[in-house]
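The chain contents come next:
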Amino acid sequence: MKKHGTKVRQSLSRKIVFTVAFFLFVLYTAYILFFFLFGVLIALKTDMQAYTADQINKRLFSWPEHPAWGNFGKAFGELAMIDSKSTFLSILWNSVWRTSGSAFLSIMASAMVCYVLVFYRSRFTRFMYNLGLFVAILPLYGSAGSMYKLLENLGLLNNPLILVADISLFGGYFFYMYATFKTLSWDYAEAAFIDGANHFQVFFKVMLPMALPGIAALFIMQFIGCWNNYESTILYMKEYPNLSYALYAYDEVKKYDANVPVYFAGVLVALIPVLALFFAFQNTIMERVYLGGLKG
């Protein structure tokens, strides 16, 4: 009887916790969606005069009588005005290759390092894993100056080869990748060794394909983060502006003469690729990251 009562109390407490968590997530989702809706409403204002009038009359959060859908088309031309050499297509291409290259190199570097640390156990690999733990908790601030000097000395400023700087021993998703490989069985590798495969073949043809779902999830997360990165363009790659930098530059250059509705339309246009990517692979992201963290 006592055991049954304990189970009832535990079940009730679980329901209360999950109910509270559900409402908190609903509130957080509504909070995020509010700003998206607010951005859409501003982007549809006819022009700056209509925007200013609605701002004075405190009607910014209202559907315009004549929505200016053309602002989304104007954004393509406005964002390309950050310098005389850029076009919208060139800015978009810079976002694609820089984001894809950075995400691929950083994730693959973490995958290779974690594969060795998980399956080739030794004093050295245990030391490297502990070093990774130490680096993860070490507060590294104020390194932008030294990084700039290093890249300048290597001739990597305004150079596509700057992507090699994303190859690091301990990437941002080091522990997720480590947990992913911990879920894989070494029996497949041993079977491949018996069939005559070498270490590189085992990694690229056996173990890496099994880890691809987790790698793909982390790649998407890294891609979304890199897509919105404009700081690296300001510091290192001004000759290769991306979409996030174009939005920043447009706001800075035309601080007092900016077409705010067109600017917000540009922000929404820049969000389309990452939103599409997230909605297409949201199940993969949630399932694989949850699984990796659970079994790590």
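This one's a predicted model, so the numbers in the text were calculated from it and none came from an experiment. (Residues numbered from 1 in each chain as written. Predicted model: local features only at pLDDT ≥ 70, side-chain atom pairs only at ≥ 80, totals over all residues. Heavy atoms only, no water.)

1. Concerning the UniProt feature "transmembrane region" (unreviewed entry) in the protein chain
Moving on, step 1. Feature annotation in UniProt assigns "transmembrane region" (unreviewed entry) to the following positions: residues 20-44, 102-120, 127-148, 160-181, 202-224 and 260-281.
Moving on, step 2. Along residues 20-44 one finds 96% helix and 0% strand; the C-alpha atoms at either end are 36 Å apart.
Moving on, step 3. Strand forms 0% of residues 260-281 and helix 100%; the C-alpha atoms that close the span are 32 Å apart. (UniProt positions renumbered as here; feature names shortened; annotations may be inferred. Helix = DSSP H or I, 4+ residues; strand = E, 2+ residues; numbered from the N terminus.)

2. Regarding the nonpolar core
Most often, soluble globular proteins keep nonpolar side chains buried together rather than apart.
Moving on, step 1. Tyr115, Phe119, Met177, Phe181, Met207 and Ile215 are the most contacted members of the largest nonpolar core, which totals 26 residues.
Moving on, step 2. When contributions to this core are tallied by element, the ones reaching two or more residues are helix H4 (88-119), helix H7 (174-182), helix H8 (187-194) and helix H9 (199-227).
Moving on, step 3. Per element, the largest residue contribution to this core is nine residues, and it comes from H4.
Moving on, step 4. Non-local contacts of Phe181, meaning those with residues more than four positions away in its chain, are made with Ala111, Cys114, Tyr115, Val118, Phe119, Phe203, Met207 and Ala211.
Moving on, step 5. In terms of nonpolar packing, the next biggest core, distinct from the first, is built from 16 residues, Ile91, Tyr250, Ala270 and Val274 among them. (Core = buried A, V, L, I, M, F, W, Y, C linked by side-chain atoms within 4.5 Å. Buried < 20%, exposed > 50% of the residue type's maximum accessible area, 1.4 Å probe, protein only. Contact = heavy atoms within 4.5 Å.)

3. Here we look at H9
Moving on, step 1. Over its 29 residues, H9 extends only 35 Å from the first C-alpha to the last, a length that falls short of the 42 Å expected when each residue adds 1.5 Å.
Moving on, step 2. Its axis deflected by about 55° at Leu208, H9 carries its strongest bend there, up to four residues before the proline Pro209.
Moving on, step 3. At the N-terminal end of H9, a side-chain oxygen is found 3.1 Å from the backbone nitrogen of Phe200, two or three residues along, and the residue is Asn198. (Expected span 1.5 Å × (residues − 1). Bend = angle between axes of the 7 residues up to and from the residue. Polar contact = N/O pair within 3.5 Å; in protein donor to acceptor, adjacent residues only side chain to side chain.)

4. Overview of the packing of H7 against H9
Moving on, step 1. In contact at an axis separation of 10 Å, H7 and H9 are set at 130° when each is read in the N-to-C sense. Between H7 and H9, the angle is such that the two are oblique. At the point where H7 passes H9, the crossing takes the right-handed sense. For the pair formed by H7 and H9, the contact residues are Tyr176, Met177, Thr180 and Phe181 on the first element and Phe203, Met207, Ala211, Ile215 and Leu218 on the second.
Moving on, step 2. Class assignment for the residues of the contact of H7 with H9 results in eight nonpolar, one polar and no charged. (Axes fitted to C-alpha atoms, helices over the stretch in contact; angles between N-to-C directions. Parallel < 35°, antiparallel > 145°, perpendicular 65-115°, else oblique. Left-handed = near helix turned anticlockwise from the far one by under 90°. Nonpolar A, V, L, I, M, F, W, Y, C, P; charged D, E, K, R; others polar.)

5. Concerning unusual backbone geometry
Moving on, step 1. For Asn158, which is not a glycine, the phi torsion comes out positive at approximately 50°.
Moving on, step 2. Structurally, Asn158 can be placed in the loop between helix H6 (144-153) and H7.

6. Brief notes about a nonpolar patch on the surface
Moving on, step 1. Taken together, Tyr28, Tyr31, Ile32, Leu33, Phe34, Phe35, Phe36, Leu37, Phe61, Leu275 and Phe279 make up a surface patch of nonpolar side chains, about 1,100 Å² in accessible area.
Moving on, step 2. For the nonpolar patch, the secondary-structure elements that each account for two or more residues are helix H1 (2-43) and helix H12 (260-295).
Moving on, step 3. Per element, the largest residue contribution to the nonpolar patch is eight residues, and it comes from H1.
Moving on, step 4. Overall, Ile32 belongs to the partly exposed group, its relative accessible area being 31%. (Patch = residues over 30% accessible without salt bridge, like charges linked within 9 Å, V, L, I, M, F, W, Y side chains within 5 Å. Areas by Shrake-Rupley, 256 points an atom, 1.4 Å probe, with all protein chains shown as cover. Salt bridge = Lys/Arg side-chain N within 4 Å of Asp/Glu carboxyl O.)

7. What about a positive patch on the surface?
Moving on, step 1. A cluster of basic residues, Arg121, Arg123, Arg126 and Lys182, forms a positive patch at the surface.
Moving on, step 2. With respect to the element layout, Arg123 can be found in helix H5 (residues 123-137). (Lys, Arg positive; Asp, Glu negative; His and termini not counted. Charge placed at Lys NZ, Arg CZ, Asp CG, Glu CD.)

8. Side note on the side chain of Ser95
Moving on, step 1. Position of Ser95 among the secondary structure elements: in helix H4.
Moving on, step 2. Look at Ser95 and you get buried, because its relative accessible area is 1%.
Moving on, step 3. Beyond its immediate chain neighbours, meaning those up to four positions away, Ser95 contacts Trp227, Asn242 and Leu243.

9. So, the packing of aromatic side chains
Moving on, step 1. Per the counting criterion, the structure on display carries 29 aromatic pairs.
Moving on, step 2. Aromatic pair Trp97 and Tyr240: ring centres 5.8 Å apart, planes at 90°, arrangement edge-to-face. On the criterion of sequence distance, the pair formed by Trp97 in helix H4 and Tyr240 in the loop between helix H10 (231-236) and helix H11 (243-253) is long-range, its members being 143 residues apart.
Moving on, step 3. Grouping aromatic residues by their ring pairs yields a cluster made of Tyr115, Phe119, Tyr120, Phe181, Trp186, Phe193, Phe203 and Phe204. (Phe/Tyr/Trp six-rings, centres within 6.5 Å; stacked < 30°, edge-to-face > 60°.)

10. Some remarks on the environment of Gly39
Moving on, step 1. As for its position among the elements, Gly39 is in helix H1.
Moving on, step 2. The exposure class of Gly39 is buried, given its relative accessible area of 5%.

11. Structural notes on the pattern of salt bridges
Two side chains of opposite charge can pair, provided their charged atoms sit close to one another.
Moving on, step 1. Counted by the stated rule, this structure contains one salt bridge.
Moving on, step 2. Where Glu152 meets Lys149, a salt bridge forms, and the shortest distance between an N and an O atom there is 3.8 Å. Of this pair, Glu152 and Lys149 both sit in helix H6, separated by three residues, roughly a single helical turn.

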